[in-house]
Amino acid sequence: MHKHEEGTTGLAGHKHSTDPVIRKQELLREGEFFRNNVARAKAQIRHSAHPEVMLHGVMDHATSALRERADAMLRPTGTSVSALMPYAMAAYNFVRHRRMGRQVAGGALVLGAIGYYLNKRRNQAAQ
């Protein structure tokens with residue numbers, strides 16, 4: 001159990017004084033510390049239960065999951081989302097400023113269809 005050679009040992013492993021007056025002050029200090037931690041934990045739980053905080057946590061989780069997926073897809077190319085994001089934001093701002101959203105969306109659909117067709121044809125040729 002505990003060695004009682006040089007004072008008593010507390011639950012956290014630190015030494016306590018053998019003098020009763022000092023020991024009482026130490027215990028009162030530890031009790032106050034414990035009560036503060038309990039109050040802080042209760043406040044954190046109360047704060048975390050708010051709907052806007054929960055929604056923010058869900059959005060953070062979803063964003064990080066999507067970013068990890070995108071980074072996994074980009075790993076063979078040697079780049080990452082954080083490296084491409086400044087260019088993507090510049091392109092997005094350019095498109096938004098010029099009001100070319102529909103044209104860009106249409107072009108992306110056409111390029112996606114062409115890519116799908118070429119990939120399907122390449123897979124059929126490989127078999």
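As a reminder, the structure under discussion sits directly above these lines.
Here we summarise the structure given alongside this text.

Reading guide: rules and limits
Residues numbered from 1 in each chain as written. Predicted model: local features only at pLDDT ≥ 70, side-chain atom pairs only at ≥ 80, totals over all residues. Heavy atoms only, no water. Helix = DSSP H or I, 4+ residues; strand = E, 2+ residues; numbered from the N terminus. Contact = heavy atoms within 4.5 Å. Areas by Shrake-Rupley, 256 points an atom, 1.4 Å probe, with all protein chains shown as cover. Axes fitted to C-alpha atoms, helices over the stretch in contact; angles between N-to-C directions. Parallel < 35°, antiparallel > 145°, perpendicular 65-115°, else oblique. Nonpolar A, V, L, I, M, F, W, Y, C, P; charged D, E, K, R; others polar. Buried < 20%, exposed > 50% of the residue type's maximum accessible area, 1.4 Å probe, protein only. Patch = residues over 30% accessible without salt bridge, like charges linked within 9 Å, V, L, I, M, F, W, Y side chains within 5 Å. Salt bridge = Lys/Arg side-chain N within 4 Å of Asp/Glu carboxyl O.

1. Let's talk about the overall build of the chain
(1) Moving on: Within the chain, the regular secondary structure consists of four helices and two strands.
(2) Moving on: Moving toward the C terminus, one meets the helices and strands of the chain in the order β-β-α-α-α-α.
(3) Moving on: Pairs at least 24 apart in sequence give 0% of the contacts found in the chain among residues at least 6 apart.
(4) Moving on: In the structure as shown, the chain presents an accessible area of about 11,600 Å², 63% of it carried by carbon and sulfur atoms.

2. Here we look at the packing of helix α2 (residues 51-74) against helix α3 (residues 81-98)
(1) Moving on: Put simply, α2 and α3 touch, their axes get as near as 10 Å, and they point 100° apart. In terms of orientation, α2 lies roughly perpendicular with respect to α3. Residues Arg67, Ala70, Asp71 and Leu74 of α2 touch α3, and the partners they reach there are Val81, Ser82 and Leu84.
(2) Moving on: Its residues placed into classes, the contact of α2 with α3 shows four nonpolar, one polar and two charged.

3. What about unusual backbone geometry?
(1) Moving on: A positive phi angle, close to 55°, is found at Arg99, a residue other than glycine.
(2) Moving on: Along the chain, the position of Arg99 falls in the loop between α3 and α4 (101-126).
(3) Moving on: Using a relative accessible area of 75% as the deciding quantity, one classes Arg99 as exposed.

4. Description of a nonpolar patch on the surface
(1) Moving on: Together, Val110, Leu111, Ile114, Tyr117 and Leu118 make up a nonpolar patch on the protein surface, roughly 520 Å² of accessible area in all.
(2) Moving on: Note on placement: Leu111 falls in helix α4.
(3) Moving on: For Leu111, a relative accessible area of 62% corresponds to the exposed category.

5. As for the pattern of salt bridges
(1) Moving on: Counted according to the given criterion, the structure contains two salt bridges.
(2) Moving on: Between Arg35 and Glu32 there is a salt bridge whose closest N-O contact spans 3.0 Å. With a gap of three residues between them, Arg35 and Glu32 both fall in helix α1 (residues 20-48), about one helical turn apart.
(3) Moving on: Since its relative accessible area comes to 48%, Arg35 is described here as partly exposed.
(4) Moving on: A relative accessible area of 39% means that Glu32 is categorised as partly exposed.

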